[in-house]
Amino acid sequence: MTDRTYRAAPPGALRIEPLGELTAIFDRRSMQTHLVVSPMPEILDAMGTDPCSAALLVSRLAAAFDLDGDDDVQPILAERLGELAAMGLVERV
Amino acid sequence: MRHKARIAVGPVQFRIGSDWAEPVAALERLYAGYPQDDTRPADATVRLFAARPWRRWLRPSVHIGGDFIVPDALPLPLSMGLLAAEMGMNLQVALGWRRHMLLHASAVAQDGRALIMSGESGSGKSTLAALLGEGDWRLMGDEFTLIDPAGGDAFAFPRAVSLKNEAIAEVAARVDAARLGPLLAATPKGDIRHLIPRADAIAAMHEPARPALLLFPRFGGEMAAEPMGEGEAFVRLTEASTNYVALGEAGFAALTRLVRETPAFAISYPDSAAGIALVEQLWAEAAK
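Residues numbered from 1 in each chain as written. Chains lettered and ligands numbered in written order. Predicted model: local features only at pLDDT ≥ 70, side-chain atom pairs only at ≥ 80, totals over all residues.

Novice: Break down the overall build of chain A for me, with residues and values.
Specialist: Counting secondary structure elements, chain A contains 3 helices and 6 strands. Starting at the N terminus and walking to the C terminus, you meet the elements of chain A as β-β-β-β-α-β-α-α-β. Considering only C-alpha atoms, chain A reaches an extent of 40 × 30 × 20 Å along its principal axes. Across the 93 residues in chain A, those meeting the buried criterion constitute 22%. A separation of at least 24 residues holds for 53% of the contacts in chain A among residues at least 6 apart in sequence. (Helix = DSSP H or I, 4+ residues; strand = E, 2+ residues; numbered from the N terminus. Buried ≥ 20, exposed ≤ 12 C-beta atoms within 10 Å, placed from the backbone. Contact = placed C-beta atoms within 7 Å.)

Here you go:
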């Protein structure tokens with residue numbers, strides 16, 4: 001499977017509010033509210049401004065979380081990125 | 001229209017027009033003690049009308065109209081004209097109000113702090129609010145609670161309380177009969193009788209209260225109180241708000257603040273007395 005790349009929403013487009021175990025995200029472009037759970041907020045936080053693939057995310061998140069030796073992480077992140085794209089929160093490049 | 005009334009409930013000024021005298025007379029009796037300011041422009045218009053001129057007399061049936069309508073809503077017989085008026089008023093507020101975030105919730109207040117109860121029809125939120133409002137609490141409303149998007153305060157919408165089925169006898173046993181409207185038997189929503197809120201609650205209807213406790217009641221089952229996380233309370237209140245989507249980011253901000261600042265519990269209770277005791281206990285703990 002090819003590792004697709006995605007671009008984060010432009011700065012200021014999303015208002016992200018953690019509410020306990022859930023995180024509420026208001027998308028100012030669509031006026032939609034999205035409710036997500038971990039690891040979605042962590043992914044959005046790690047994406048930065050440049051195009052980002054699941055492989056790149058693994059390396060970035062590994063710095064912050066204990067992901068060592070887990071081969072499943074990259075396909076899981078690829079799937080989550082696809083879901084974020086379906087919600088319109090990230091854009092497929 | 002032939003028959004007209006102006007009614008102010010909380011911040012909402014209603015203009016009601018009717019093809020028949022009876023619903024307007026019934027409304028004027030229920031709302032006689034509310035402040036009148038006919039010079040204020042109307043915020044919402046409710047029309048009770050006959051679909052055909054002859055239907056004013058021949059098997060009279062009341063259609064509900066106004067600024068907003070529900071297509072294909074069935075008309076009600078004239079004997080239920082008061083219910084039609086109430087439904088029309090609720091509809092206009094639910095669909096048209098933008099100045100506050102509207103929660104489908106009852107509320108009572110003590111010392112400037114509000115207890116907000118959100119639940120489906122049949123959860124007992126209306127009965128609990130009515131009974132609390134006969135005690136040491138100020139009734140803010142049995143159906144809608146308004147949240148100021150800017151400051152976060154709760155505002156009252158103390159319309160006449162819509163008592164249903166078993167709640168009618170329970171409340172009627174405690175209040176002066178002059179505060180009760182006519183019995184509307186066997187309506188599509190069951191038996192209904194309106195309760196006029198206490199005069200002090202009507203007099204204080206413009207006073208804000210700070211949300212201090214959020215409850216999600218469920219009538220029936222063992223007495224229980226389960227703390228609710230901010231996320232679940234947020235989800236439930238988006239579902240309980242009729243204008244959350246319309247308010248955009250202001251609604252999002254108001255709701256995130258409300259669930260962060262206000263402790264929330266899901267409660268269940270087997271009867272009203274147990275429900276009141278549980279509410280008072282949770283309030284005492286929240287007020288600490």
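Novice: Go over the sheet that holds strand E6 (residues 90-92) of chain A, please, and point to the residues and values.
Specialist: Residues and elements named next belong to chain A. With antiparallel pairing, the 3 strands of this open sheet are ordered in space as E5-E1-E6. Pairing within the sheet leaves two strands with one partner each, and these edge strands are strand E5 (52-53) and E6. Across 2 bridges, strand E1 (residues 5-8) lies against E5 in antiparallel orientation. Across the sheet, residue Thr-5 finds its bridge partner in E5, namely Ser-53. Packing against the sheet, helix H3 (residues 73-87) makes contact with E1 and E6, and its axis sits at approximately 105° to E6. (Pairing = 2+ DSSP bridges. Axes fitted to C-alpha atoms, helices over the stretch in contact; angles between N-to-C directions.)

Novice: Got a sec to walk through the sheet that holds strand E5 (residues 76-77) of chain B? Specific residues and values, please.
Specialist: In sheet architecture, strand pairing relies on hydrogen bonds along the backbone and comes in two forms, parallel and antiparallel. Residue and element names in this part refer to chain B. Taken together, 5 strands build an open sheet; the order of strands is E1-E2-E3-E4-E5 and the sheet is mixed. The open sheet has two free edges, formed respectively by strand E1 (3-9) and E5, since each of these has just one partner strand. Seen against the sheet, helix H1 (residues 21-30) touches E1, strand E2 (12-18) and strand E3 (44-49) and runs at an angle of roughly 30° to E1. Helix H2 (residues 81-96) contacts E2, E3, strand E4 (61-66) and E5 of the sheet and is inclined by roughly 145° relative to E3.

Novice: Residues and numbers for the environment of A:Pro10, please.
Specialist: Residue and element names in this part refer to chain A. Here Pro-10 is to be found in the loop between E1 and strand E2 (14-19). The exposed category is assigned to Pro-10, around which 11 C-beta atoms lie within 10 Å. Separated by 39 residues in the primary sequence, Pro-10 and Thr-49 place their C-alpha atoms 7.7 Å from one another.

Novice: Go over the pairing of strand E6 (residues 101-110) of chain B with me, naming the residues and quoting the values.
Specialist: Residues and elements named next belong to chain B. Within E6, 8 of the 10 residues are buried, which leaves the element mostly enclosed by the surrounding structure. Inspection of the sheet shows E6 paired to strand E9 (residues 144-147) by 4 bridges, in the antiparallel sense. When the sheet's bridge partners are listed, Leu-103 is paired in E9 with Thr-145. As defined by bridge partners, E6 adjoins strand E7 (residues 113-118) across 6 bridges and the pair is classed as antiparallel. Residue Val-108 lies in a different strand from E7, and its bridge partner there is Leu-115. In this antiparallel pair of consecutive strands, E6 and E7, the connection spans 2 residues, and Asp-111 shows a positive phi of 50°. As paired strands, E6 and strand E8 (residues 138-141) are joined by 3 bridges and run antiparallel to one another. Bridging from a neighbouring strand, Ala-107 pairs with Gly-141 of E8.

Novice: An account of helix H9 (residues 272-286) of chain B is requested, with residue identities and associated values reported.
Specialist: All names here are of chain B. For H9, built from 15 residues, the straight-helix expectation of 21 Å at 1.5 Å per residue is met to within 8% by its first-to-last C-alpha distance of 21 Å. Looking at H9, one finds that the buried residues are Gly-275, Leu-278 and Val-279. The buried residues of H9 occupy an angular sector of 100° when projected down its axis, which confines them to one face. Of the residues in H9, the exposed ones pointing more than 90 degrees away from the buried face are Ala-273, Ala-277, Gln-281 and Ala-284. Where H9 is buried, its residues contact helix H3 (125-133), strand E14 (210-219), strand E15 (224-227) and strand E16 (264-269). (Expected span 1.5 Å × (residues − 1). Arc of directions from axis to C-beta.)

Novice: How would you explain the packing of helix H2 (residues 54-64) of chain A against H3(A) if you had to name every residue and give the values?
Specialist: All names here are of chain A. Packing of H2 against H3 leaves a shortest axis separation of 9 Å and a crossing angle of 115°. Taken as axis vectors, H2 and H3 run roughly perpendicular relative to one another. Helix-helix and strand crossings are classified by hand; for H2 and H3 the assignment is right-handed. Across from Ala-54, Ala-55, Leu-57 and Val-58 in H2, the residues of H3 making contact are Val-73, Gln-74, Leu-77, Ala-78 and Leu-81. Across the contact of H2 with H3, the residue classes tally to 8 nonpolar, 1 polar and no charged. (Parallel < 35°, antiparallel > 145°, perpendicular 65-115°, else oblique. Left-handed = near helix turned anticlockwise from the far one by under 90°. Nonpolar A, V, L, I, M, F, W, Y, C, P; charged D, E, K, R; others polar.)

Novice: Which residues make up the environment of B:Ala209, and what are the values?
Specialist: All names here are of chain B. For Ala-209, the location among the structural elements is in the loop between helix H5 (199-203) and E14. Along the chain, Ala-209 and Leu-115 lie 94 residues apart, while their C-alpha atoms are 9.0 Å from each other. Residues contacting Ala-209, with those up to four places away along its chain left out, are Ala-109, Gly-112, Arg-113, Ala-114, Met-140, Asp-153 and Ala-154.

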